[in-house]
Every structure is written in structure tokens, then in C-alpha cells.
Amino acid sequence: MQEPRTLRRWQLPTLGRAHLEQAEVPLPVPGANQILVKVGAVSLNYRDLLMIRDGMGMALDLPFTPGSDMAGTVAAIGPGVTRFAVGDRVVNTFWGGWIDSHWHAEATLLGGPGPGMLASHVLLDAAWAVAAATTLSLAEASTLPCAGLTAWFALAETGALRAGGTVLIHGTGGVALFGLQIARLHGAQAIVVTGSEDKRAQALALGATHVLARDGDWPAEVRRLTQGRGADHVLELASGPNLDRSLQAVKQGGRVSIIGMLGGETLSASFYAMVLGRVTVQGIGVGHRRALEDLVRAVDANALKPVIAAQYGFDALPAALDHLERGAFGKIVVTL
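Quick caveat, the model's predicted, so the values are computed rather than measured. (Residues numbered from 1 in each chain as written. Predicted model: local features only at pLDDT ≥ 70, side-chain atom pairs only at ≥ 80, totals over all residues. Heavy atoms only, no water.)

Draft legend 1. The overall build of the protein chain, seen in detail. Within the protein chain, the regular secondary structure consists of ten helices and 17 strands. Computed over its C-alpha atoms, the radius of gyration of the protein chain comes to 20 Å, within 12% of the 20 Å expected for a compact globule of 336 residues. Pairs at least 24 apart in sequence give 69% of the contacts found in the protein chain among residues at least 6 apart. About 14,000 Å² of surface is accessible on the protein chain, with carbon and sulfur atoms providing 53% of the total. Considering the protein chain, the positive charge centre built from 27 side chains and the negative charge centre built from 28 side chains are found 6 Å apart. (Helix = DSSP H or I, 4+ residues; strand = E, 2+ residues; numbered from the N terminus. Rg over C-alpha atoms; globule rule 2.2 N^0.38 Å. Contact = heavy atoms within 4.5 Å. Areas by Shrake-Rupley, 256 points an atom, 1.4 Å probe, with all protein chains shown as cover. Lys, Arg positive; Asp, Glu negative; His and termini not counted. Charge placed at Lys NZ, Arg CZ, Asp CG, Glu CD.)

Below, the structure written as C-alpha cells:
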């Protein structure tokens, strides 16, 4: 089938939810080392809400297309492309140009300030994509580049997660549930802290060893459940003052991965808890392409299924963003 001559995309001529609009623009032709991808699904992240609201303080070329995570099918390739062929299913990397452990200063964040994914077609450098998991639908695969890789990078790539360990996870959003699944995949137990009693049964069904109430004394409960040892690793998705309580729950020499900022942009923690506890506190900014390839292999080898809370059609993006803002058990996905 011949590709259309135009593409549809969501864009912002001016920042702010009220200015979101659909537009039709000419379909680009891939240049050297580029691929044109027909988008099948876009997974939404909390970051997308912030980018739409105010650009997170970044200098953006307007009109700006939001969205960081995509899964689709290669529709055309440019000269020099050897990684992919037309018809291949791919997902994008969150950091365009960060290939492996060595950081590249010129790496570009997709979905702002780099190209956004909320379009029928996207043009990418071929090095900014990896083969999609063969065991997942495009909707499921679209959840891996940011949420999946963030949890994987914290626990498997940098966290040396081992069987028999304990991972303390805050919340039941996309990263949190991937953290739960990855912990169980490695033979570790997962303790989830949530403020929503109705999500307790869902978290237990997904494999959580224990689910604790956010308004309770969960640091003491984590200590009790681990025979006084504390959690080996904490996925800190709230931050703000919550970090101090996480430090009370982590073991001597344990690790806390700072990922979310729902509790505010400023961290608050006890000097003594961090220093006397010899805790490693690391910031996680998603991860590199090689780690995403590792995650895809792990997903295929172990039949891991991402948790999707809801799927919305392309035209229903505003409703999808509303759902994201309310909170969900798992990922919100826009399909084309």
C-alpha cells in the first residue's frame, strides 16, 4: 500500500493544554541514516503533562509535538540505514544518541526538546530506535522506552538486583508496576506503598509480596517484614519529604533511586539517615539504548506483559491526558 503524502500530528503553537490542536503536514522523506516510522501507539508519561503545560523551562521550536514513547512500523528508510528494513516493528529510545554507558553530551530528549511521537508518522535517526519486543502488541511495546526502561535501569542495569532481595516501590503508576514485575522477574520480593486501597488487590495479583498504606507507618512495617534488615532498593517515585521516610526503610548500604517528583521538586532527607546508613542515592534519567535492548530481550524471554490501564484513540488525546492526570494503575496508551 502506498504511504500517504501527509501526516497527522498533535501540536502546540503555544504552550498550554488549551492550545493543543491537530494538524496535517507534508510527509517527510528520510535522509541519510534516517527511518520513517508509521506510529501504532504512543504511551503517555507524567512528563508529557509537564511539557504540554510549560515546556519544563526548555527552549522549544514551535509548533511543538509532545509525546516521548512510540511503537510503530518502519515505512521507509534513508540511504545508509542497515539496522532496519521496511516493515520492521520498532520502538524509539527516550534519549536520542545515548547508545551505551558512555554519556553523549549531544543526546536529545524525544518529546521535548527533540521530536515528539504524537503523530501518525515520525522521522528518526536509525540509531534512535530498537527492534520492538516480538511478544508484545504495539500498544504494549510503546510502554517500554520510558517507564519500562526507567525501572530496568534502576534495578537491573545499575542496581545489581538479586534473587532474595527486597524492593520497596512507591505508587502504582507505569514505572512502579514495571519495578514490581522486574523485581519478581529477578526473584526479589516487592513491597508496594499506595494511598489507594482499591489498588491493593491489583498490586497483589500482579505479584507484590506486600501492599502497605501510605498513611501508615510503612517504614517500620518494611523493617518488620524484612526482619529488621530494611529494603535493598527503593524506587522513590514521590520524592519531596517522602525521601526521608524511604531512608528509614532502606537497609545499611542500600540504594534509593530517585525517579518521580510528585511530592515536589525539592528533596528533603536526614543527613544522619543517609550518611550513617551508607545509602547510595541515585538519580535515574531513564537509560541508554543498549539497556533498552536488554529489556526487550528480557520481556521476550520471560513473557512479561506491561500493565495498560486504558487505551484511547488518537483523536481522544485530551481525554487520555485527563486520565493520566487523575492517576491510573498502569500505563495510558494512545493508539492509531
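Back to the write-up after that little detour.
Draft legend 2. Examining the packing of aromatic side chains more closely. For the structure on display, the rule yields four aromatic pairs. Centre to centre, the rings of Phe94 and Trp95 are 6.2 Å apart; their planes meet at 90°, and the pair counts as edge-to-face. Each member of the pair Phe94 and Trp95 is classed as buried. Cluster of aromatic residues (ring-pair linked, three or more members): Phe94, Trp95, Trp98 and Phe153. (Phe/Tyr/Trp six-rings, centres within 6.5 Å; stacked < 30°, edge-to-face > 60°. Buried < 20%, exposed > 50% of the residue type's maximum accessible area, 1.4 Å probe, protein only.)

Draft legend 3. Region of the structure containing helix H1 (residues 46-54). Of the residues making up H1, those classed as buried are Arg47, Asp48, Leu49, Leu50, Met51 and Ile52. Where H1 is buried, its residues contact strand E3 (34-43), strand E7 (108-109) and helix H10 (317-326). Count one or two residues on from H1 and you reach Gly55, which has phi positive near 70°.

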